[in-house]
Amino acid sequence: MVSAKIYYDQDADLTVLDGKTIVFLGFGNQGAAQAQNLRDTGIPNDNIIIANREDSYAEDAKLKGFNVQHDFSKAAQVADVVFLLIPDQVQPRIFNEIFAPKLKDNVAICVASGYNVFFKLLKFKRSQDVVMVAPRMIGSSVRSLYQKGKGFPCFVSAEQDGTGNALKIALALSRGIGATKLGAISSSVYEETAMDLMAEQALWPNIIMLFREGFNVLKEAGCSDEALCYEMWMSKEPAEIFEAAADEGFVTQLKHHSTVSQYGQLSGALKLDGIAAREHFKNILYNQILNGKFTKEFSQIEADLEKDGLDNPVNQLYAKAEEMELAQAEARVRSRLADMLKQ
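These numbers come from a predicted model, not from an experiment.

### Remarks on the overall build of the protein
- A tally of regular secondary structure across the protein gives 15 helices and 9 strands.
- Across its three principal directions, the C-alpha atoms of the protein cover 65 × 45 × 45 Å.
- Expressed as a percentage of its 343 residues, the buried residues of the protein come to 38%.
- Long-range pairs, those at least 24 residues apart, make up 68% of the contacts in the protein with a sequence separation of at least 6.
- Seen as two clouds, the 36 positive and the 45 negative side-chain charges of the protein have centres 3 Å apart.

Take a look at the structure:
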């Protein structure tokens, strides 16, 4: 059994951040939340710089009272700590070409995703600290939970200890954004990346497939669009089930269901040996994720991800997904609902 160490407020010393200039590269969902939390924890506003191109995110940062620097090179030169919070696919280009050459030898670089560090796509000096502080929440929840005086789940790690203080800095940053109030879980970029990509490339694709095929079978059996969409997801029952699973337990939450439902779900799940699914998951993990195959394929389309319309590979996938009967039925249902609301 593998047990992870969990760090709390008393394990983190905020004084290690005293006098340090903290630069946020990016002010999106996570950047906005973490910068505000850090400031509210007591980091002086003058010690926080938002490095962002001139766009709506930069304007939002200014409205929130932050110092905004559009010249990334200048921001890099003064940084003692860098929060790297721009999208994964653009990090190597912006960080390696613009930021890294200007950084101090003893700077601490903090990532919220292990992807680029694990696959060695970012260039660091050996004297620099590289840490991960990875909230397991979307940015809006990171902010709202902090404001309510609550914590949120977060992974923390020291990946490169150039100064001898990498873990101390990682824990201080975790406390600064509010993560150690609930408990920051000791992890690694390997673990975070493996779990994240496994969910995205194996678990959720299978869930989408199961919903698609379940929908098709019930549609062929004579069920209506409206009944299927609401029964399967539009009622928000699946969301309530997952929320109960998070609060009470993955299996324990079943006790809120009818006896018929409990018996059907448990007996059905226990009859499935999962051997084929397990082999499929292992194949994805070892032969697609950890060996770098997906990363190489994804790097080849990165430039196209900035394009509009069907020239963008992600938009192509959306267009194909919209051809599913499930998606078309949902569009019909939502259209009818919109017409009803107008009456």
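On we go.
### Side note on the domain arrangement of the protein
- Once the domains are mapped, the protein shows domain 1 (6-187) and domain 2 (192-341).
- One C-alpha centre belongs to domain 1, the other to domain 2, and the line joining them spans 32 Å.
- Taken together, the contact pairs 13 residues of domain 1 with 14 residues of domain 2.
- Note on domain 1 versus domain 2: buried area summed over both sides is about 1000 Å², and carbon and sulfur give 62% of it.
- Together, Q89, Y115 and F119 form the three largest contributors to the area buried by domain 1 at its contact with domain 2, with a combined 53%.
- Where domain 1 meets domain 2, there are 2 salt bridges.
- With a shortest N-O distance of 3.4 Å, E192 and R136 are connected by a salt bridge.
- At the boundary of domain 1 with domain 2, the tally comes to 5 residue pairs in polar contact (both at pLDDT 80 or more).
- In terms of residue class, the side of domain 1 that touches domain 2 is made up of 8 nonpolar, 4 polar and 1 charged.

### Quick notes on the pattern of salt bridges
- In total, this model carries 18 salt bridges according to the counting rule given.
- We note a salt bridge from D55 to R53, for which the minimum N-O separation is 3.3 Å.
- Taking relative accessible area as the criterion, D55 reaches 22% and is therefore assigned partly exposed.
- For K219, the salt bridge is made with D225, and the minimal N-O distance between the two is 2.3 Å.
- Residue class for K219 comes out partly exposed when judged on its relative accessible area of 28%.

### What about the UniProt feature "domain: KARI N-terminal Rossmann" (unreviewed entry) in the protein?
- Sites flagged by UniProt as "domain: KARI N-terminal Rossmann" (unreviewed entry) map to residues 4-187.
- End C-alpha to end C-alpha, residues 4-187 measures 7 Å, and it is 34% helix and 21% strand.

### Side note on the sheet that holds strand β3 (residues 48-51)
- Reading across the sheet, the 9 strands line up as β1-β9-β8-β7-β6-β5-β2-β3-β4 and stay open at both edges, with mixed pairing between neighbours. Strands at the two margins of the open sheet, each flanked by one partner only, are β1 (6-7) and β4 (67-69).
- Note: strand β6 (residues 108-111) against strand β7 (residues 129-135), 4 bridges, orientation parallel. Bridged to I109 within β7 is V130.
- Strand contacts of helix α1 (residues 29-41): β2 (22-25), β3, β5 (81-84) and β7, with the helix running at about 165 degrees to β2, the strand carrying the most contacts.

About the cut-offs
- Residues numbered from 1 in each chain as written.
- Predicted model: local features only at pLDDT ≥ 70, side-chain atom pairs only at ≥ 80, totals over all residues.
- Heavy atoms only, no water.
- Helix = DSSP H or I, 4+ residues; strand = E, 2+ residues; numbered from the N terminus.
- Buried < 20%, exposed > 50% of the residue type's maximum accessible area, 1.4 Å probe, protein only.
- Contact = heavy atoms within 4.5 Å.
- Lys, Arg positive; Asp, Glu negative; His and termini not counted.
- Charge placed at Lys NZ, Arg CZ, Asp CG, Glu CD.
- Domains from an automatic or database assignment.
- Buried area = accessible area lost by both parts, 1.4 Å probe.
- Salt bridge = Lys/Arg side-chain N within 4 Å of Asp/Glu carboxyl O.
- Polar contact = N/O pair within 3.5 Å; in protein donor to acceptor, adjacent residues only side chain to side chain.
- Nonpolar A, V, L, I, M, F, W, Y, C, P; charged D, E, K, R; others polar.
- UniProt positions renumbered as here; feature names shortened; annotations may be inferred.
- Pairing = 2+ DSSP bridges.
- Axes fitted to C-alpha atoms, helices over the stretch in contact; angles between N-to-C directions.

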